[in-house]
Amino acid sequence: MVLEIVGVTKRFAGVTALADVSFRVGDGTIHAVIGPNGSGKTTLFNVVTGVYRPTAGEVRLDGVRLDGRDVFEIARRGVARTFQNPRIFGSMTVAEHLWVSGEVRGSPWRFSRLVREKARERLAFVGLEALANHPAAGLPQGQRRLLEIARALMLDPRVLLLDEPHAGLNPVEKDRLMAVIQRLHEAGLTIMLVEHEMRVVMQLADRITVLNFGQVIAEGAPREIAADEAVVQAYLGRHREAVRHG
Ligand code: ADP
Ligand code: MG
């Protein structure tokens, strides 16, 4: 197992965002985490990446404890993520966004030829190489999401966490993004995917964990989840069409 979430609880003042959550993400799999708004999905990412310390429980990467380490240390160890709202710096070009990330792993050769070369490769992987010298602020949402992924890939991640990457994209952008995620999967990358779009989840995920009010209410293969009564009750009711066509 690449990533293990073991009995993770996260409480904020008055709110239990995660309650004794456990699941394991297998090597090279796409593991989706779904659930209604407010069910704790982003909080889970924030715990795994070290933004929050869990109130209880452990997070392990290849058997090594991550909880208690800081954000940069966890990123350096190979946990990369994208955000629900891409963090774009207006004055920087597409390539410069990647060069800056090239530093995070403690590289002494800031913006060196190696970093630039790697950035070019990562941009090519997501199909943005032609826009390398374009100001990132001018990109439409779909390309911003691809930029976020390319930037995360600069870390050579062991696991990539994607937080609702398809939200707000048009159908063409969605298909393009799904193809990129599929290519990452084929390249062997381990991916944890938070996603609202059931068509995407059913098509991409090897395994699905369902959260509701911070608790795991089901886990299984896409077909099992689509047929799970508790999941349908809590969540899938309004997504049923998408599941049937997924
Ligand atoms: P999801 O991503 O599944 O929509 P979140 O993880 O964002 O859900 O939120 C889960 C719950 O935790 C919500 O009730 C939310 O209001 C609460 N929450 C998240 N972050 C914080 C925070 N920093 N402080 C207080 N409450 C928070
Ligand atoms: Mg969220």
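Residues numbered from 1 in each chain as written. Chains lettered and ligands numbered in written order. Predicted model: local features only at pLDDT ≥ 70, side-chain atom pairs only at ≥ 80, totals over all residues. Heavy atoms only, no water.

Draft legend 1. The arrangement of the site of ligand 1 in detail. For ligand 1, the full set of nearby residues is Phe-12, Val-15, Ala-17, Pro-36, Asn-37, Gly-38, Ser-39, Gly-40, Lys-41, Thr-42, Thr-43 and Tyr-52. Contact between ligand 1 and Lys-41: an oxygen atom at 2.8 Å from a side-chain N or O atom of the residue. In isolation ligand 1 offers 560 Å² of accessible surface; the protein chains occlude 63% of this area. Contributions of two or more residues to the shell around ligand 1 are made by strand S2 (15–25) and helix H1 (41–48). Ranked by residues supplied to the shell around ligand 1, first place goes to H1 with 3 residues. Classifying every residue of the shell around ligand 1 by side-chain character gives 5 nonpolar, 6 polar and 1 charged. (Near = heavy atom within 4 Å. Polar contact = N/O pair within 3.5 Å; in protein donor to acceptor, adjacent residues only side chain to side chain. Areas by Shrake-Rupley, 256 points an atom, 1.4 Å probe, with all protein chains shown as cover. Helix = DSSP H or I, 4+ residues; strand = E, 2+ residues; numbered from the N terminus. Nonpolar A, V, L, I, M, F, W, Y, C, P; charged D, E, K, R; others polar.)

Draft legend 2. Looking closely at the pattern of salt bridges. In this structure the tally under the stated criterion is 18 salt bridges. With its nearest N and O atoms 3.3 Å apart, the salt bridge here joins Arg-158 to Asp-27. One end of the pair, Arg-158, is in the loop between helix H5 (141–153) and strand S7 (159–163); the other, Asp-27, is in the loop between S2 and strand S3 (30–34), and 131 residues separate them in sequence. Arg-158 gets classed as partly exposed once you look at its relative accessible area, which sits at 27%. For Asp-27, a relative accessible area of 52% gives the class exposed. Between Arg-60 and Glu-58 there is a salt bridge whose closest N-O contact spans 2.7 Å. Judged by its relative accessible area of 22%, Arg-60 falls in the partly exposed class. Several salt bridges share partner residues, and in doing so they unite Glu-4, Arg-24, Glu-58, Arg-60, Arg-65 and Asp-67 into one network. (Salt bridge = Lys/Arg side-chain N within 4 Å of Asp/Glu carboxyl O. Buried < 20%, exposed > 50% of the residue type's maximum accessible area, 1.4 Å probe, protein only.)

Draft legend 3. Representation of the environment of Gly-7 in the model. Of note, Gly-7 is situated in strand S1 (residues 3–12). Sequence separation between Gly-7 and Val-21 is 14 residues, and the spatial gap between their C-alpha atoms is 4.9 Å.

Draft legend 4. Just the sheet that holds strand S4 (residues 56–61), in detail. Spatial strand order, S2-S1-S4-S5: 4 strands in an open sheet with antiparallel pairing. Both edges of this open sheet fall to S2 and strand S5 (64–65), since each of them pairs with a single strand only. Note that S4 and S5 share 2 bridges and pair antiparallel. By the bridge assignment, Arg-60 is partnered in S5 with Arg-65. Each of S1, S2 and S4 touches H1; the most contacted strand, S1, lies at about 115° to it. (Pairing = 2+ DSSP bridges. Contact = heavy atoms within 4.5 Å. Axes fitted to C-alpha atoms, helices over the stretch in contact; angles between N-to-C directions.)

Draft legend 5. Structural view of the pairing of S2. Looking at chain direction, S1 and S2 are connected through 7 bridges and run antiparallel. Residue pairing in the sheet places Ile-5 in a bridge with Phe-23 of S2. Hairpin geometry of S1 and S2 is characterised by an intervening segment of 2 residues between the two adjacent antiparallel strands and by a positive phi of about 80° at Gly-14.

Draft legend 6. The arrangement of the sheet that holds strand S8 (residues 190–194) in detail. The sheet built from 6 strands is open, its strands ordered S6-S7-S8-S3-S9-S10 with mixed pairing. If you trace the sheet from one side to the other, it starts and ends with strand S6 (79–81) and strand S10 (215–220), each paired once. This sheet shows a mean twist of 20° between the axes of neighbouring strands, independent of strand direction. As paired elements, S7 and S8 share 5 bridges and run parallel to each other. What sits directly across from Leu-161, in S8, is Met-192. Those strands touched by helix H6 (residues 171–186) are S3, S7 and S8, and its axis lies near 150° from that of S8.

Draft legend 7. Representation of the packing of aromatic side chains within the structure. What the rule picks out here adds up to 1 aromatic pair. Directly above the aromatic system of Trp-99 lies the positively charged group of Arg-116, at a separation of 4.3 Å from the ring centroid. When the ring centre of Phe-125 is taken as origin, the NZ or CZ atom of Arg-183, which lies over that ring, is 5.4 Å away. (Phe/Tyr/Trp six-rings, centres within 6.5 Å; stacked < 30°, edge-to-face > 60°. Lys NZ or Arg CZ within 6 Å of the ring centre and 35° of its normal.)

Draft legend 8. The layout of surface pockets, seen in detail. Taken as a whole, the second largest pocket holds about 170 Å³ of empty space. As for the second largest pocket, its lining consists of Glu-121, Arg-122, Phe-125, Leu-153, Asp-156, Pro-157, Leu-184, Ala-187, Gly-188 and Leu-189. Per-element tally for the lining of the second largest pocket: the top contributor is helix H4 (residues 113–126), with 3 residues. When grouped by side-chain class, the residues that make up the lining of the second largest pocket number 6 nonpolar, 1 polar and 3 charged. (1 Å grid on protein atoms, 1.4 Å probe; cavity = no way out; pocket = protein on both sides within 12 Å on 5 of 7 lines; lining within 4 Å. Points joined across faces, edges and corners; volume = space filled by probe spheres on them.)

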